[in-house]
Amino acid sequence: MEMRHLGRTGLRVSRLGLGTMTWGRDTDEHEAGEQLKEFVDAGGNLVDTADVYADGGAEYLLSRLTDSLIPRSELVIATKAGSVPDSDRRFDASRGHLLTALDASLRRLGTDYVDLWQVHAFDPGTPTEETLRALDLAVSSGRARYVGVCDFSGWQLAKAATWQHADPARTPLAGSQTEYSLLQRGIEREVLPAALDAGIGLLASSPLGRGVLTGKYRHAVPQDSRGASPYLSGFVQPYLGERSRRIVDAVATAADGLASSPLAVALAWVRDRPGVASALVGARTAAQLQSALSVEALTLPGEIRGALDDISAPVHRYPDHEWNEL
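Residues numbered from 1 in each chain as written. Predicted model: local features only at pLDDT ≥ 70, side-chain atom pairs only at ≥ 80, totals over all residues. Heavy atoms only, no water.

## What to know about the side chain of Asp320
Topologically, Asp320 is positioned in the segment after helix 11 (302-311). In this structure Asp320 comes out as buried when scored by relative accessible area, which is 12%. Contact partners of Asp320, with chain neighbours within four places excluded, come to Arg189 and Glu190. (Helix = DSSP H or I, 4+ residues; strand = E, 2+ residues; numbered from the N terminus. Buried < 20%, exposed > 50% of the residue type's maximum accessible area, 1.4 Å probe, protein only. Contact = heavy atoms within 4.5 Å.)

## Considering helix 1 (residues 29-41)
With 13 residues, helix 1 extends 18 Å between its outermost C-alpha atoms, agreeing within 8% with the 18 Å of an ideal straight helix rising 1.5 Å per residue. Of the residues making up helix 1, those classed as buried are Ala32, Gly33, Gln35, Leu36, Phe39 and Val40. The buried residues of helix 1 occupy an angular sector of 160° when projected down its axis, which confines them to one face. Of the exposed residues in helix 1, those oriented more than 90 degrees away from the buried face are His30 and Asp41. Looking at the buried residues of helix 1, the elements they touch are strand 2 (12-14), strand 3 (16-19), strand 4 (46-48), helix 2 (57-68) and helix 10 (286-293). With a side-chain oxygen positioned 3.3 Å from the backbone nitrogen of His30, the residue opening helix 1 is Asp28. Positive phi appears at Gly43, one or two residues downstream of helix 1, with a value of about 100°. (Expected span 1.5 Å × (residues − 1). Arc of directions from axis to C-beta. Polar contact = N/O pair within 3.5 Å; in protein donor to acceptor, adjacent residues only side chain to side chain.)

## Some points on the packing of aromatic side chains
Think of a pair of aromatic rings as described by two things: how far the centres are apart, and how the planes are tilted against each other in angle. Summed over all chains, the structure comprises three aromatic pairs. Here Phe122 and Phe152 contribute two aromatic rings whose centre-to-centre distance is 5.5 Å and whose plane-to-plane angle is 85°, an arrangement assigned as edge-to-face. Here Phe152 lies in the loop between strand 7 (144-150) and helix 5 (154-165) and Phe122 lies in the loop between strand 6 (114-119) and helix 4 (128-140), a separation of 30 residues in the sequence. In this structure, Phe122 and Phe152 share a single accessibility class: buried. Aromatic pair Tyr180 and Trp269: ring centres 5.7 Å apart, planes at 65°, arrangement edge-to-face. Linking Tyr180 in the loop between strand 8 (175-179) and helix 6 (191-198) with Trp269 in helix 9 (residues 262-271), this pair joins segments that are 89 residues apart in sequence. By relative accessible area, which is 1% here, Tyr180 ends up buried. Look at Trp269 and you get buried, because its relative accessible area is 0%. Here the aromatic cluster, defined as three or more aromatic residues joined through ring pairs, consists of Phe122, Phe152 and Trp155. Positioned above the aromatic ring of Trp163 is the side chain of Arg170, whose terminal nitrogen or guanidinium carbon lies 4.1 Å from the ring centre. The side chain of Arg210 reaches across the aromatic face of Phe235, ending 4.3 Å from its centre. (Phe/Tyr/Trp six-rings, centres within 6.5 Å; stacked < 30°, edge-to-face > 60°. Lys NZ or Arg CZ within 6 Å of the ring centre and 35° of its normal.)

## Focus: the sheet that holds strand 3
Strands sit in the order 3-4-5-6-7-8-9-10 around a closed barrel of eight strands; the barrel is parallel. For this sheet, the mean angle separating the axes of adjacent strands, direction not counted, is 30°. As judged from the four bridges shared by strand 3 and strand 10 (residues 276-282), these two strands associate in the parallel manner. Opposite Gly17, over in strand 10, you have Leu280 as the bridge partner. Against the sheet, helix 3 (residues 95-109) makes contact with strand 5 (76-81) and strand 6, and its axis sits at roughly 140° relative to strand 6, the strand it touches most. This element, helix 9, spans strand 3, strand 9 (201-205) and strand 10 of the sheet and lies at about 150° to strand 10. (Pairing = 2+ DSSP bridges. Axes fitted to C-alpha atoms, helices over the stretch in contact; angles between N-to-C directions.)

Everything listed here is a matter of geometry and, on its own, says nothing about what the molecule does.
Here is the structure:
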C-alpha cells in the first residue's frame, strides 16, 4: 500500500487507514484480529481509535492484538481525547482533562506513546491556547509523537495552526481528521484550503458516506447494517435522502463501467483528493475490510472523476471562494 507523509511532517501513513469505532461493541476480538491482520498484510499501518469508542474498549482491544498478533512497531496508532459523556458539555478540551485522558489511553493501549494524538473536537468552553498547550506537553513528555485535531472548522483550524507556528517551541499540527466523501464535501469551502495552506494532512473519516456509498441502502435498510443498529442508525439517516440517492446511482453507474464496485469507486475518489493523506475505513467484518482494501488496484479515469465531481458538487455561497449562489 502506498505511504504518504502526514502534512509537512516526517510521519508516513498508509493512504488507507483502519478505523475502530465498532471494536469492542459490534466487532469482537476475533473479528478485530482478522481485520488487523488483513490490513497489515495489505501494507497498511495507520490504525485510528479514540478513548470513547466502546467506552475505551476499542483501545483495550487494540492493545490485546498488539500483544498477541501484530507488533506495536509495525503500527501507527492514532487516538483521540476530548469527547465526554456529559449532556451539558459534549467536549472538554481543557488541559487537565486532555492530559488525564491521554494517560488513560496509554494504559488501555499498553504502550508508552501514541504516534498521533488528536483533539476530538473544538471546545468553545476552553481557550484554544490552553488546548494546544496540552498537545505541546504531550509531545515534549514523549507521550505523543505527533498531534492533530478533529472536526475543526476552517477558522478554528487556521487559528490553531497559526498559534502553533508562531513559536518554534510549539508543536505544529500534523493532521486534521474530518468527514469527507462524495456525500459530504463541506470541508472544501474552508477546512481544506486552511489545511493545505498550513501544511496539515487530512485524515478523511467516513469516506464511504457512512456506508451509504456502497449502495447497500439503495432499496432498503439491511438488518445487519449500521442503519439498523440502535447505536448508529442516526449516524446513517442524514445520508438517505434524494440528493444522496442521485449520487449513489452515479457511483453505481461508474462502477459498472469500470467493472468495479461502488465501494471502490467512492473510496478511490476520496483517497486521491488533494490534501488527503489517508482515508479511514471502518468495517464490521474482515470480509468488508477486504473489499475496501481492493481499492488499491483502482485509479479513476479523469472523465469519471469529473462526472462524480459535478454530480456531488457542494453549493458555494458568498463569500466562499468561487461562490455561485447568494
